[in-house]
Amino acid sequence: MQADRPVVMPEDEVPFRLAQLLLLLDAVAAQDANGATLERIGYYDFLSANPFLVIPSEGRDASLLRLAGFDPQVLAYASSSQRFTSRRERIQHDLALLVAYGCCQVRNRNGSLTYSITEAGQHLGGQFTATYATSFATAADIVVRQLRKLSDKRLREQTARWLRPDGPDGPAAALMSVLGPGPLLETSWEG
């Protein structure tokens, strides 16, 4: 492997992100025909790609996620908060592209802009045949079903807890299970 060759992550590629958003918007449509706000879509998007931050590692949903290829002990969960911030910053741009392509529509619902998939977007998303598309759609269905019950305030608070690196269910739990406990830090993660 050449050291000077840049590493390209799928999330860095606009077509990949747009495809994921179409699958997510389809999952949202199954739960709420009115769509979701930009903020909610940001949470849904990230947590659907990292479903074991939300879903306990035991139970029916966890089994479905494992069958779809997700693993609760992926080391990437340990850096979730940094990845959440950068991914969330791109959502508005990506949604604007989907609107421009006619795959998504924006509506004013009670003073808030909501985004929902169009018939053209559903048609395009239905043509995705990659295994990852099926896996992500499964995760999105599960995550959206779980999170849509939460108020916006509760969703923000709960996501902050899920992204905390400490605690038995925090994203660092997978890393700790592989590496073992490290030194205790005096750093506060509140805020």
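Rules used throughout
Residues numbered from 1 in each chain as written. Predicted model: local features only at pLDDT ≥ 70, side-chain atom pairs only at ≥ 80, totals over all residues. Heavy atoms only, no water. Axes fitted to C-alpha atoms, helices over the stretch in contact; angles between N-to-C directions. Helix = DSSP H or I, 4+ residues; strand = E, 2+ residues; numbered from the N terminus. Parallel < 35°, antiparallel > 145°, perpendicular 65-115°, else oblique. Contact = heavy atoms within 4.5 Å. Nonpolar A, V, L, I, M, F, W, Y, C, P; charged D, E, K, R; others polar. Pairing = 2+ DSSP bridges. Salt bridge = Lys/Arg side-chain N within 4 Å of Asp/Glu carboxyl O. Buried < 20%, exposed > 50% of the residue type's maximum accessible area, 1.4 Å probe, protein only. Left-handed = near helix turned anticlockwise from the far one by under 90°. Core = buried A, V, L, I, M, F, W, Y, C linked by side-chain atoms within 4.5 Å.

Q: What is the right way to read the packing of helix 1 (residues 14-31) against helix 2 (residues 38-49) from this model?
A: When two helices pack together, their arrangement is given by the angle between the helix axes and the distance between those axes. Look at helix 1 against helix 2: their axes get within 10 Å of each other, and the N-to-C directions meet at 110°. Relative to helix 2, the element helix 1 is oriented roughly perpendicular. Contacts from Gln-20, Leu-21, Leu-24, Leu-25 and Val-28 in helix 1 reach Ile-41, Tyr-44, Asp-45, Ser-48 and Ala-49 in helix 2. Per-class residue counts for the contact of helix 1 with helix 2 are seven nonpolar, two polar and one charged.

Q: How should the pairing of strand 3 (residues 112-117) be read in this particular structure?
A: In terms of strand pairing, strand 1 (residues 36-37) meets strand 3 through two bridges, oriented antiparallel. Bridge assignment links Thr-37 to a residue of strand 3, and that residue is Thr-114. Note that strand 2 (residues 104-109) and strand 3 share six bridges and pair antiparallel. Its bridge partner being in strand 3, Cys-104 is matched across the sheet by Ile-117. The antiparallel hairpin formed by strand 2 and strand 3 contains two residues in its connecting segment, where Asn-110 sits at a positive phi of about 55°.

Q: Help me understand the pattern of salt bridges in this model?
A: Summed over the entire model, instances satisfying the criterion amount to six salt bridges. Across the salt bridge formed by Arg-40 and Asp-152, the nearest N and O atoms sit 2.8 Å from each other. Pair noted here: Arg-40 is in helix 2 and Asp-152 is in helix 7 (residues 152-162), with a separation of 112 residues, a long-range link. Note on Arg-40: relative accessible area 10%, which makes it buried.

Q: Mind showing me how you'd approach the sheet that holds strand 2 here?
A: Ordered in space as 1-3-2, the three strands form an open sheet in which the pairing is antiparallel. In this open sheet, the two edge strands, each paired with only one partner strand, are strand 1 and strand 2. Sheet strands touched by helix 1: strand 1, strand 2 and strand 3. Its angle to strand 3, the strand with the most contacts, is close to 105°.

Q: Can you walk me through the packing of helix 1 against helix 6 (residues 131-147) in this structure?
A: As a packed pair, helix 1 and helix 6 sit with axes 9 Å apart at the nearest point and diverge in direction by 40°. One element, helix 1, and the other, helix 6, form an angle in the oblique class. As helix 1 runs across helix 6, the sense of the crossing is right-handed. Along its contact with helix 1, which presents Phe-16, Gln-20, Leu-23, Leu-24, Ala-27, Val-28 and Gln-31, the element helix 6 presents Tyr-132, Ala-133, Phe-136, Ala-140, Asp-141, Val-144 and Arg-145.

Q: I keep staring at the nonpolar core and nothing clicks. Help me out?
A: Inside soluble globular proteins, nonpolar side chains tend to come together where they are buried. Leu-24, Ile-41, Leu-47, Leu-95, Leu-98 and Leu-147 are the most contacted members of the largest nonpolar core, which has 41 residues in total. Look past the residues within four positions of Leu-95 in its chain and what remains in contact with it is Leu-21, Leu-25, Leu-38, Ile-41, Cys-104 and Tyr-115.

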